[in-house]
Amino acid sequence: MANHPKESDRRSKTLVILVGGLCLLLSFLLSVLFNLKEIAAFLIVPNKPIHADIAIVLSGGTVPRVLAARDLYKNGSVKKILLIPESNGGSEIDRELERLGIQLIKSNELTQRILEASQIPKSDIMKLHDSIDGTINEAKAVKAYLENEQLMLSLAIVTSELNSRRQCYIFRNVLMGFKVQCYASPYTKFDTDKWWNFPRRSLNILVEYLKFTANIFVLLIYEN
């Protein structure tokens, strides 16, 4: 019986998130009647000149993101790179390939090799200890890491184009005591022109809006 109020609160919050998602979906469908290109363009933060102490490479689609962080380091826009490890759990396909004797390069190993081949000193490469599930949890982990190291520095969040608006919003809300800049990897170009004619692009945009809605509600409800 003691768990019923908590269960009721959890259901109420879930309902709020679902209703918010449906409202955003409805807005999305209605806005299709007006400016289709802007719907996709809104999700992408335009890149500006970066001047930061650390480039934070978010997990997911790591290779394009680490290449972008490398470029920022090479041109002097950032001084260090902080990596968030990918999950070590391989898929069933990965395990089957390994059973066949096919050697796979793990994502974290590949990231390290890219930076080493780019002649970036190990002293300028930092890593979180564990992989993190979800951007909000990534932002919390980065904040805890920097505070533990007593590093109150300016940050450049390196992510993919289509995720940039949402993920930068999250980091700016979680790391309010830090100067947070955003940088969308130029290796992840998303064509916003006539995306509505391509089912996969349309699905990617819809999913990103739903994620954005859910993240906003989590930050507003669960974090306060």
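The sections below set out a description of the structure shown in this document. (Residues numbered from 1 in each chain as written. Predicted model: local features only at pLDDT ≥ 70, side-chain atom pairs only at ≥ 80, totals over all residues. Heavy atoms only, no water.)

**Here's the deal with the packing of aromatic side chains**
And then number 1: In the structure shown here, the tally under the stated rule is two aromatic pairs.
And then number 2: Seen in terms of ring centroids, Phe42 and Tyr209 are 6.4 Å apart; in terms of plane orientation they differ by 15°. Their pairing is stacked. With Phe42 in helix α2 (residues 36-42) and Tyr209 in helix α8 (residues 199-222), the pair connects residues that are 167 residues apart, well separated along the chain.
And then number 3: A relative accessible area of 39% means that Phe42 is categorised as partly exposed.
And then number 4: Sitting above the plane of the Phe42 ring, Arg165 keeps its charged end 5.0 Å from the centroid.
And then number 5: A cation sits over an aromatic face here: Arg201 above Phe198, 3.9 Å from the ring centre. (Phe/Tyr/Trp six-rings, centres within 6.5 Å; stacked < 30°, edge-to-face > 60°. Helix = DSSP H or I, 4+ residues; strand = E, 2+ residues; numbered from the N terminus. Buried < 20%, exposed > 50% of the residue type's maximum accessible area, 1.4 Å probe, protein only. Lys NZ or Arg CZ within 6 Å of the ring centre and 35° of its normal.)

**A short note on the environment of Gln167**
And then number 1: Looking at the element boundaries, Gln167 is found in helix α7 (residues 164-174).
And then number 2: What makes Gln167 buried here is its relative accessible area of 5%.
And then number 3: Residues Gln167 and Ile136, 31 residues apart in the sequence, show an inter-C-alpha distance of 8.3 Å.

**Remarks on the pattern of salt bridges**
Side chains that carry opposite charge are capable of pairing whenever their charged atoms lie near each other.
And then number 1: Scanning the model with the defined rule gives seven salt bridges in all.
And then number 2: With its nearest N and O atoms 3.6 Å apart, the salt bridge here joins Lys189 to Glu161. Of this pair, Lys189 sits in the loop between β5 (180-184) and α8 while Glu161 is found in the loop between β4 (155-159) and α7, placing the two residues 28 residues apart along the sequence.
And then number 3: Since its relative accessible area comes to 64%, Lys189 is described here as exposed.
And then number 4: Overall, the relative accessible area of 9% leaves Glu161 in the buried class.
And then number 5: The residue Glu208 makes a salt bridge to Arg166 at a minimum N-O spacing of 2.5 Å. With Glu208 in helix α8 and Arg166 in helix α7, the pair connects residues that are 42 residues apart, well separated along the chain. Both residues of the pair, Glu208 and Arg166, count as buried. (Salt bridge = Lys/Arg side-chain N within 4 Å of Asp/Glu carboxyl O.)

The quantities given are spatial measurements derived from coordinates; they are silent on function.
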